[in-house]
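Remarks on the overall topology
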Amino acid sequence: MTSYAVTIREEQPGDRAAVRRVNEAAFGQPDEADLVERLAGDGAGLLSLVAEAGGGIVGHILFSRAEIAGAAEACPAVALAPVAVLPAHQNSGVGSALVREGLKRLKDAGHARVIVLGHPSYYPRFGFEPAGNYGIRCPLDAPPEAFMALALAPGALDGCAGTMRWAEAFGIS
Ligand SMILES: CC(C)(COP(=O)(O)OP(=O)(O)OC[C@H]1O[C@@H](n2cnc3c(N)ncnc32)[C@H](O)[C@@H]1OP(=O)(O)O)[C@@H](O)C(=O)NCCC(=O)NCCS
């Protein structure tokens, strides 16, 4: 694996086109790029980071507001999605740098828990574990091991049993 000199910084207004290009190229379709723009438009986006390498934007990650709705009070949560790296820059640590920096910033800002629906072989390295371990359910028909949660503070997933509710822009009800 080659390692790049990567700078992670918050997305700026002038980055919008580059962020769109990264998401379209990484996913090979416009859906995730559209989602990113909807989340920014309706104010659900919480933290949007870009990765710069060689003078250009090669990666992007978005965290948005979510909640875990249970029988008792809902637990506020942060959803990680999407994360995208230009194909030519994949497997060089860019995605990991984006995830780690994002989680650090969320923790520093006092957020307690993060949920992701994604590759079960990728996210455990950052501390994610099956959300089902905490009674957190996915409203989508997804493999249980792909639906993961991370506590940013000790015990932050305890008492949060319920159903994950992504922001409206995801179109999941
Ligand atoms: C998934 C993605 C963000 C990872 O970023 P990256 O910069 O390529 O990954 P890193 O270099 O930080 O980490 C490399 C590791 O990720 C793994 N990986 C890369 N793409 C993966 C994928 N699609 N599924 C599972 N694991 C993946 C590699 O196998 C490697 O694992 P190893 O360290 O055990 O060898 C990037 O490959 C990408 O944009 N993929 C297309 C879009 C996508 O699938 N986004 C995530 C949706 S959950």
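Residues numbered from 1 in each chain as written. Predicted model: local features only at pLDDT ≥ 70, side-chain atom pairs only at ≥ 80, totals over all residues. Heavy atoms only, no water.

Our focus in this paragraph is the overall build of the protein. Looking only at helices and strands, the protein features 3 helices and 9 strands. Taken from N to C terminus, the helices and strands of the protein fall in the order β-α-α-β-β-β-α-β-β-β-β-β. Its C-alpha atoms give the protein a radius of gyration of 16 Å, near enough to 16 Å, the size a compact globule of 173 residues would have. The principal-axis extents of the C-alpha atoms in the protein amount to approximately 50 × 30 × 30 Å. In the protein, which comprises 173 residues, the proportion classed as buried is 43%. Put simply, of all contacts in the protein between residues at least 6 apart along the chain, 67% involve residues at least 24 apart. (Helix = DSSP H or I, 4+ residues; strand = E, 2+ residues; numbered from the N terminus. Rg over C-alpha atoms; globule rule 2.2 N^0.38 Å. Buried < 20%, exposed > 50% of the residue type's maximum accessible area, 1.4 Å probe, protein only. Contact = heavy atoms within 4.5 Å.)

So, on to the environment of G28. By the element assignment, G28 lies in the loop between α1 (16-27) and α2 (31-41). Expressed as a C-alpha distance, the spacing of G28 and P87, which sit 59 residues apart in the sequence, is 9.7 Å.

A word on the site of the ligand. The environment of the ligand is made up of 18 residues, and the closest members are N91, G93, G95, S96 and R125. The contact in question runs from an oxygen atom of the ligand to an N or O atom on the backbone of V85, over 2.8 Å. Here Y122 contributes a side-chain N or O atom positioned 3.1 Å from an oxygen atom of the ligand. When the ligand sits alone it has 860 Å² of accessible area, and the protein chains cover 70% of it. (Near = heavy atom within 4 Å. Polar contact = N/O pair within 3.5 Å; in protein donor to acceptor, adjacent residues only side chain to side chain. Areas by Shrake-Rupley, 256 points an atom, 1.4 Å probe, with all protein chains shown as cover.)

Right, let's talk about the state of the cysteines for a bit. Evaluation of the coordinates by the stated rule reveals 1 disulfide. C138 forms no disulfide, and the closest cysteine sulfur to it belongs to C160, at a distance of 16 Å. (Disulfide = S-S within 2.5 Å.)

Time to look at the packing of aromatic side chains. Across all of its chains, the model carries 6 aromatic pairs by this definition. Every member of this aromatic cluster is reached through a ring pair, and the members are Y122, Y123, F126 and F128. (Phe/Tyr/Trp six-rings, centres within 6.5 Å; stacked < 30°, edge-to-face > 60°.)

This part is about the environment of V36. Structurally, the position occupied by V36 is in helix α2. When the C-alpha atoms of V36 and V19 are compared, they prove to be 8.8 Å apart, with 17 residues separating the residues in sequence.

Glancing now at α1. An ideal rise of 1.5 Å per residue puts 16 Å on 12 residues; α1 measures up with 17 Å between its terminal C-alpha atoms. Burial in α1 covers these residues: A18, V19, V22 and N23. Within α1, the buried residues cover an arc of 135° as seen down the axis, which keeps them to one side. In α1, the exposed residues that point more than 90 degrees away from the buried face are R16 and R21. (Expected span 1.5 Å × (residues − 1). Arc of directions from axis to C-beta.)

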